[in-house]
Amino acid sequence: MTSKLRIGALTLANNLILAPMAGITNLPARLLARRYGASLCFTEMVSVNGLVREGRKTFDLLRSSPDDRPLGVQLFGDEPGILAEAARLVEGYADLVDINMGCPVKKVVGTGAGSALLREPKKVADILRAVRRATKLPLTIKIRTGWQAGQHTFHEIGRIAAEEGCDALTLHPRTRAQMFEGHADWELIRELKDAISIPIIGSGDIFSPHDVVAMLERTGCDGVMIARGGLGNPWIFKQAQALLEGREAHPPDARERLAVAQLHLDLFTELAGEPVAVREMRKHLAWYVKGLPGAAPFRAAANTIQTKDEMLAAMNSFFGRAS
Ligand SMILES: Cc1cc2nc3c(=O)[nH]c(=O)nc-3n(C[C@H](O)[C@H](O)[C@H](O)COP(=O)(O)O)c2cc1C
């Protein structure tokens, strides 16, 4: 069964969550995930330095709408004072604040943020204390298991998170060094769930609704975060919910895929204007057609599309053939 999930003062309708993904989980992607059952969605990681310098571009990442709730805003940074100030600044936008302690990319770890924090438990404690004092919003962190093999610090960081008043923790059980290679070791989610008392959300290698059920069963985690498995596939939330309630999970037909891809394009155009929407939707379209006959040539052709009308015509033609 799906179950409600409590994160501090927030009670979520179910335990299926859209992960933060840079360049992907903006307002249109979140609205579509919610339409199919995601009970909580995250912004992509937002730079606290950008926020406190009041960069308009950074605040653009917080653009939302009344039906985009509850919303988790994910922050990245490494200075306790700046993270605390940023947490205060996003209070009017967020229902929950998450701190990124897992991002493996050089540009982020080079500043001491993201997974670089997994090597600095003392700094993690300082950050959480400062942010906890700054906001009453539910506070969570998202971590990997450690910097590299042999340096697993997730138990220690998890204990600190619980002690410093975090309301939940998401674990993606890969090290920083693994990036996205190999398998996410779900056994480590189970270990952490057994070790600390705050809710644990599992992330990693959720590509089908069956994976959602398997992760909940095998790890005992309180919630599941869906990332790459949700790309061009918001139906995964509804399908997982169906399986968890003992029903069959039906895949979308071509007409439904077309309708959702069109809606995605419309929402994106509304948010960012046609040129940006068309450029960004090329990658989403590649995900929407994945696995269907003719997907490869369609992807190649979609990459040269310049206008919304052209894109709509190409989508109609592709999905018309696929139905
Ligand atoms: C394109 C992309 C962007 C991501 N951006 C973020 C991010 O901004 N913040 C974050 O905490 N994790 C980010 N992640 C990691 C995901 O949230 C998730 O933890 C990871 O992909 C593992 O889940 P999966 O194997 O089910 O995809 C990103 C992942 C991808 C693929």
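Residues numbered from 1 in each chain as written. Predicted model: local features only at pLDDT ≥ 70, side-chain atom pairs only at ≥ 80, totals over all residues. Heavy atoms only, no water.

Side note on the domain arrangement of the protein
Interface size is often expressed as the accessible area that is lost when the parts come together.
Working step 1: When the domains of the protein are assigned, the result is domain 1 (5-244) and domain 2 (254-322).
Working step 2: Relative placement of domain 1 and domain 2: their C-alpha centres are 29 Å apart.
Working step 3: In this assembly, 15 residues from domain 1 lie in contact with 14 residues from domain 2.
Working step 4: When the two sides are added together, the surface that domain 1 and domain 2 hide from each other amounts to roughly 1,300 Å², 71% of it contributed by carbon and sulfur.
Working step 5: Interface area lost by domain 1 to domain 2 is led by Pro28, Leu32 and Trp235, which between them contribute 36%. (Domains from an automatic or database assignment. Contact = heavy atoms within 4.5 Å. Buried area = accessible area lost by both parts, 1.4 Å probe.)

Digging into helix 7 (residues 154-163)
Working step 1: All of the buried residues in helix 7 are Phe154, Ile157, Gly158, Ile160 and Ala161. For helix 7, the angular spread of buried residues about the axis comes to 160 degrees, placing them on one side.
Working step 2: Buried residues in helix 7 make contact with helix 6 (121-134), strand 7 (139-146), strand 8 (168-175) and helix 8 (186-195).
Working step 3: Glycine 165, located one to two residues past helix 7, shows a positive phi value of around 90 degrees. (Buried < 20%, exposed > 50% of the residue type's maximum accessible area, 1.4 Å probe, protein only. Helix = DSSP H or I, 4+ residues; strand = E, 2+ residues; numbered from the N terminus. Arc of directions from axis to C-beta.)

Thoughts on the state of the cysteines
Working step 1: For the structure shown, the criterion picks out zero disulfides.
Working step 2: Its sulfur unpaired, cysteine 166 is 18 Å from the next cysteine sulfur, which belongs to cysteine 221.
Working step 3: Not engaged in a disulfide, the cysteine cysteine 221 finds its nearest cysteine sulfur in cysteine 41; these two sulfurs lie 17 Å apart.
Working step 4: Relative accessible area serves as the criterion here: at 7%, cysteine 221 is assigned to the buried category. (Disulfide = S-S within 2.5 Å.)

What about the side chain of asparagine 100?
Working step 1: Note that asparagine 100 resides in strand 6 (residues 96-101).
Working step 2: Judged by relative accessible area, asparagine 100 falls into the buried class, the value being 6%.
Working step 3: At 2.9 Å, the side chain of asparagine 100 and the backbone nitrogen of glycine 102 are in polar contact.
Working step 4: A polar side-chain atom of asparagine 100 sits 2.8 Å from the main-chain amide nitrogen of cysteine 103.
Working step 5: Setting aside chain neighbours within four positions, we find asparagine 100 in contact with Met45, Gln74, Leu75, Phe76, Gly114, Leu117 and Lys142. (Polar contact = N/O pair within 3.5 Å; in protein donor to acceptor, adjacent residues only side chain to side chain.)

Examining the nonpolar core
Working step 1: Ranked by size, the top nonpolar core spans 75 residues in total, and within it Leu75, Leu128, Ile141 and Leu169 carry the most contacts.
Working step 2: The element that contributes the greatest number of residues to this core is helix 6, accounting for five residues.
Working step 3: Those residues in contact with leucine 169 that sit more than four places away from it in its chain are Ile141, Ile143, Gly158, Ala161, Leu192, Ile196, Ile198, Pro199, Ile200 and Ile201.
Working step 4: Listed in part, the 28 residues of the second largest apolar core include Leu31, Leu267, Phe268 and Ile305. (Core = buried A, V, L, I, M, F, W, Y, C linked by side-chain atoms within 4.5 Å.)

Comments concerning the site of the ligand
Working step 1: In the region of the ligand, 17 residues are neighbours, and Gln74, Lys142, Ser203, Asp205 and Arg228 sit closest.
Working step 2: Contacts to the ligand include glutamine 74, whose side-chain N or O atom sits 2.8 Å from a nitrogen atom.
Working step 3: Residue aspartate 205 places a main-chain N or O atom 2.6 Å away from an oxygen atom belonging to the ligand.
Working step 4: Coverage of the ligand by the protein chains reaches 87% of its 610 Å² of free accessible surface.
Working step 5: When each cavity is represented as a set of grid points, the ligand is found to reside in the second largest pocket.
Working step 6: Here the shell around the ligand is composed, by residue class, of nine nonpolar, five polar and three charged. (Near = heavy atom within 4 Å. Areas by Shrake-Rupley, 256 points an atom, 1.4 Å probe, with all protein chains shown as cover. 1 Å grid on protein atoms, 1.4 Å probe; cavity = no way out; pocket = protein on both sides within 12 Å on 5 of 7 lines; lining within 4 Å. Sits in = over half its atoms within 2 Å of the grid points. Nonpolar A, V, L, I, M, F, W, Y, C, P; charged D, E, K, R; others polar.)

Section: the pairing of strand 5 (residues 71-76)
Every regular strand shows the same layout, with side chains that alternate between the two sheet faces.
Working step 1: For strand 5, a buried count of six out of six residues is recorded, marking the element as mostly surrounded by other parts of the structure.
Working step 2: Both faces of strand 5 are covered, namely the face carrying Leu71, Val73 and Leu75 and the face carrying Gly72, Gln74 and Phe76.
Working step 3: For strand 4 (residues 40-47) and strand 5, the ladder comprises five bridges, and the chain directions are parallel. Paired with serine 47 across the bridge in strand 5 is phenylalanine 76. (Pairing = 2+ DSSP bridges.)

Let's talk about the environment of leucine 258
Working step 1: Inspection of the secondary structure assignment puts leucine 258 in helix 11 (residues 254-272).
Working step 2: Leave out the neighbours within four places in its chain, and leucine 258 touches Met315, Asn316 and Phe319.

Description of the layout of surface pockets
If a probe the size of a water molecule is rolled over the atoms, the empty space left behind becomes visible.
Working step 1: The calculated volume of the largest pocket comes to roughly 680 Å³.
Working step 2: Surrounding the largest pocket, 21 residues form its lining, Asn26, Glu44, Lys57, Asp60 and Leu61 being those nearest its centre.
Working step 3: Put simply, the parts of the chain that give the lining of the largest pocket at least two residues each are helix 1 (27-35), strand 4, helix 3 (56-60), helix 11 and helix 12 (274-288).
Working step 4: Here the lining of the largest pocket gets four residues from one element, more than from any other, and that element is helix 3.
Working step 5: A class-by-class count of the residues in the lining of the largest pocket yields seven nonpolar, six polar and eight charged.
Working step 6: Each of two domains, domain 1 (5-244) and domain 2 (254-322), supplies a minimum of three residues to the lining of the largest pocket.
Working step 7: Reported here for the second largest pocket is a volume of approximately 500 Å³.
Working step 8: Taken together, 28 residues line the second largest pocket, and the ones lying closest to its centre are Pro20, Met21, Lys142, Arg144 and Phe180. (Points joined across faces, edges and corners; volume = space filled by probe spheres on them.)

Examining the packing of aromatic side chains
Working step 1: This model, assessed by the stated rule, comprises five aromatic pairs.
Working step 2: Centroid distance tryptophan 235 to tyrosine 288: 6.3 Å. Interplanar angle 80 degrees. Geometry classified as edge-to-face. Taken together, the positions of tryptophan 235 in helix 10 (residues 235-244) and tyrosine 288 in helix 12 put the pair 53 residues apart, joining distant regions of the chain.
Working step 3: A relative accessible area of 3% means that tryptophan 235 is categorised as buried. (Phe/Tyr/Trp six-rings, centres within 6.5 Å; stacked < 30°, edge-to-face > 60°.)

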